[in-house]
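Examining the three-dimensional arrangement
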Amino acid sequence: MIKGPNLRVSLEMGRPCDFFSIRTGLQRLTGRILHLFDQKKQQNGWRPIRTSQRGKIEAQLKDFQLKTPNVSRLRILLCGQVGAGKSSFINSVNSVFAHRVTQRAGEAPCSGKSYTHKYITYTINKGTLPFVFNDVMGLEQDGILIEDINSAMLGHVKEGYTFNPQTPLAETDDNYIKHPSLDDKVHCLVSVVPANVISQMDESVIKKMNTVSQRANDIGIPHLVLMTKVDEACPLVKEDLKKIYTSKKIKEKMVECSYKVEASLKCIFPVKNYSEESDTNDTVDNIIMSAVEHIVNAACDFVSYL
Ligand SMILES: Nc1nc2c(ncn2[C@@H]2O[C@H](COP(=O)(O)OP(=O)(O)OP(=O)(O)O)[C@@H](O)[C@H]2O)c(=O)[nH]1
Ligand SMILES: [Mg+2]
């Protein structure tokens, strides 16, 4: 006799054995067990919030030494639509390492136009960490041109260059780096997608995003995705950010994000940026820290093959 929840399969000796009913029974039992596992997983979340490892990850990232010659720091490029939270993410990462909410990259006061226009390199915690961020203006129709993102990825864009949505940076321009060093090049592309408006994202933005990630893929640059504004996408998560990895709504958004930006689920990191908080807190810190760890590891793997 095989016993399972809501199920009994009789295999008593002497009784004629109906192969098909046994098979159906076993299938139902397997299904039930998988369902129970799924329920358990749902309670625990599909990813853990690594509360106890925060200090360890922070120390590892601070002590981390790059072993690739001619690469002194990893360059991470953030791109996405206007107001996606690119600059806020840079500020949040800086806040996590500074242990207080800081404001370095200018954040948009919720307008339809891109707030970021210049190509600026942001160091973290006064340059004490071996990675830097660049963000570019939004991908909307009157935003950054794909050619300029490609130039940035290949390291051709000079620091402080103001993007022109009408004309791509020409090779003859003073702001064009003809012979970029390995340091100038981008080592990881991060698409930033706001979870709360993912369903209404402009087709042209999605297309641009996919073209850029395809180009990164051709060059061999790793591509990860930050799904920001999870608090605006799910009321339960807004109330308690610790529910980020147990929220069905967030999982649904991740699946939608995966489908739209053509990235596998394991490459998508749902985050909540510091947006209205005036002090840092452990939950936001841990979620941001975990995303940074994956981004830095991907960039590090890339440069190790250069
Ligand atoms: N609630 C919430 N608000 C966020 C989050 N991330 C960013 N914001 C807010 O969204 C607005 C836009 O954020 P930015 O970081 O300026 O966006 P951006 O992608 O840099 O935008 P542009 O530079 O204009 O292209 C700001 O008001 C932020 O405070 C988040 O995770 N949750
Ligand atoms: Mg910005």
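Scroll up to find the structure.
Here is a short report on the structure shown in this document.

Reading the values: the criteria
- Residues numbered from 1 in each chain as written.
- Chains lettered and ligands numbered in written order.
- Predicted model: local features only at pLDDT ≥ 70, side-chain atom pairs only at ≥ 80, totals over all residues.
- Heavy atoms only, no water.
- Helix = DSSP H or I, 4+ residues; strand = E, 2+ residues; numbered from the N terminus.
- Buried < 20%, exposed > 50% of the residue type's maximum accessible area, 1.4 Å probe, protein only.
- Contact = heavy atoms within 4.5 Å.
- Areas by Shrake-Rupley, 256 points an atom, 1.4 Å probe, with all protein chains shown as cover.
- Pairing = 2+ DSSP bridges.
- Right-handed = clockwise from strand over helix to strand, strands pointing away.
- Salt bridge = Lys/Arg side-chain N within 4 Å of Asp/Glu carboxyl O.
- Core = buried A, V, L, I, M, F, W, Y, C linked by side-chain atoms within 4.5 Å.

**Considering the overall build of the chain**
What the chain contains, in helices and strands, is nine helices and eight strands. Per-residue burial over the chain gives 48% buried out of 306 residues. Partitioning the intrachain contacts of the chain with sequence separation of at least 6 by distance along the chain shows that 70% fall at a separation of at least 24. Carbon together with sulfur atoms contributes 51% to the accessible area of the chain, which is approximately 15,900 Å² in total.

**Focus on the pairing of strand S6 (residues 188–194)**
By the criterion of burial, S6 is predominantly enclosed, with seven of the seven residues buried. On S6, burial covers both faces: Cys188, Val190, Val192 and Pro194 on one face and Leu189, Ser191 and Val193 on the other are all buried. Pairing between S6 and strand S7 (residues 223–228): six bridges, direction parallel. Looking at the pairing, proline 194 lines up with threonine 228 of S7. With respect to chirality, the unit in which S6 leads through helix H5 (residues 203–219) into the neighbouring parallel S7 is right-handed.

**Remarks on the pattern of salt bridges**
Enumeration according to the criterion identifies four salt bridges in this entry. Two residues, glutamate 256 and lysine 260, come together in a salt bridge whose shortest N-O distance is 3.4 Å. Residue glutamate 256 and its partner lysine 260 are located together in helix H8 (residues 248–261), separated by four residues, close to a single helical turn.

**Topic: the nonpolar core**
Generally speaking, soluble globular proteins have nonpolar side chains that are buried together. Counting residues in each nonpolar core, the largest one holds 82 residues, and the members touching the most others are Phe131 and Leu226. Broken down by element, the residue count for this core peaks at 12 residues, all from helix H9 (residues 282–304). Non-local contacts of leucine 226, meaning those with residues more than four positions away in its chain, are made with Leu78, Phe89, Val190, Ser191, Val192, Val193, Phe269, Val271, Ala291 and Ile295.

So far we have only geometry, and geometry alone does not tell us how the molecule works.
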